[in-house]
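A closer look at the structure
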Amino acid sequence: MAAAKVETFSEIEDAFVKYIQDIVYCTMITVDKKGRPRARVLLPIWETVDGKPVGWLAAYKTPVKVAHLANNPHTTYSYWNPRQNAVFIDSVSTWVDDPETKQYAWELYSKGSPAGVGYNPRNFWRQGPTDPKYHVLRIEPWRVQVLRGSDLSSRIWTDEAQR
């Protein structure tokens, strides 16, 4: 079945949020210098800013993640559940270091964004958003696909400005 392309993210936003709320954890994929993918399971949070999705990922700066993103910031985040509902997010992920943005992401995690997705980040970073081991990635999607498992219908939004 061919995927339907949509003009605006708002056309798939409800399904995007619903599936992420249901699935919560996703697989993040980065690529090394030789073009080999690496996957890990993480929990990003999401919001819509100026009609586009923006993600935030509280993370440790592991040597592999740092090296991969320094070489190639293009990432994919994949959500899936046994009902075959899925969300695929192709994006650019960059580290943010300013205290205001790190505090902002901390608050989104604490309250849940979207609702029901998040956690108390203090469970991992005891010193709060100033903890030296607390780092944040900003996720800027350029392509989002939502796939409904019941009939395998798929809709795709792309941000033409980032392609």
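In short, a report on the structure. (Residues numbered from 1 in each chain as written. Predicted model: local features only at pLDDT ≥ 70, side-chain atom pairs only at ≥ 80, totals over all residues. Heavy atoms only, no water.)

One finds Phe16, Trp56, Leu57, Tyr79, Val87, Ile89 and Val144 to be the most contacted residues of the largest nonpolar core, which totals 40 residues. Among the secondary structure elements, those contributing two or more residues to this core are helix H1 (10–23), strand E2 (26–31), strand E4 (45–49), strand E5 (52–59), strand E6 (74–80), strand E7 (86–96), helix H3 (99–111) and strand E8 (135–148). Top contributing element to this core by residue count: H1, with six residues. For valine 144, the contacting residues outside a window of four places in its chain are Phe9, Ile12, Phe16, Pro53, Val87, Phe88, Ile89, Arg155, Ile156 and Trp157. (Core = buried A, V, L, I, M, F, W, Y, C linked by side-chain atoms within 4.5 Å. Buried < 20%, exposed > 50% of the residue type's maximum accessible area, 1.4 Å probe, protein only. Helix = DSSP H or I, 4+ residues; strand = E, 2+ residues; numbered from the N terminus. Contact = heavy atoms within 4.5 Å.)

This part takes up the packing of aromatic side chains. The tally for this structure, following the rule as stated, stands at eleven aromatic pairs. Seen from their ring centres, phenylalanine 9 and tryptophan 157 are 5.6 Å apart, and the 70° between their planes marks the pair as edge-to-face. Taken together, the positions of phenylalanine 9 in the loop between strand E1 (4–6) and H1 and tryptophan 157 in strand E9 (residues 153–158) put the pair 148 residues apart, joining distant regions of the chain. With respect to class, phenylalanine 9 is no different from tryptophan 157; both count as buried. Look at tryptophan 46 and tyrosine 77: their rings are 6.3 Å apart centre to centre, the planes differ by 85°, and that puts the pair in the edge-to-face class. Taken together, the residues span a long stretch of sequence, with tryptophan 46 in strand E4 and tyrosine 77 in strand E6 at a distance of 31 residues. Here the two residues tryptophan 46 and tyrosine 77 agree in accessibility, since each one is buried. Put simply, the rings of Tyr60, Trp106, Tyr109, Tyr119, Phe124, Trp125 and Tyr134 touch in pairs and so form one group of aromatic residues. For lysine 61, the ring lying beneath its charged end belongs to tryptophan 95, and the centroid distance is 5.0 Å. (Phe/Tyr/Trp six-rings, centres within 6.5 Å; stacked < 30°, edge-to-face > 60°. Lys NZ or Arg CZ within 6 Å of the ring centre and 35° of its normal.)

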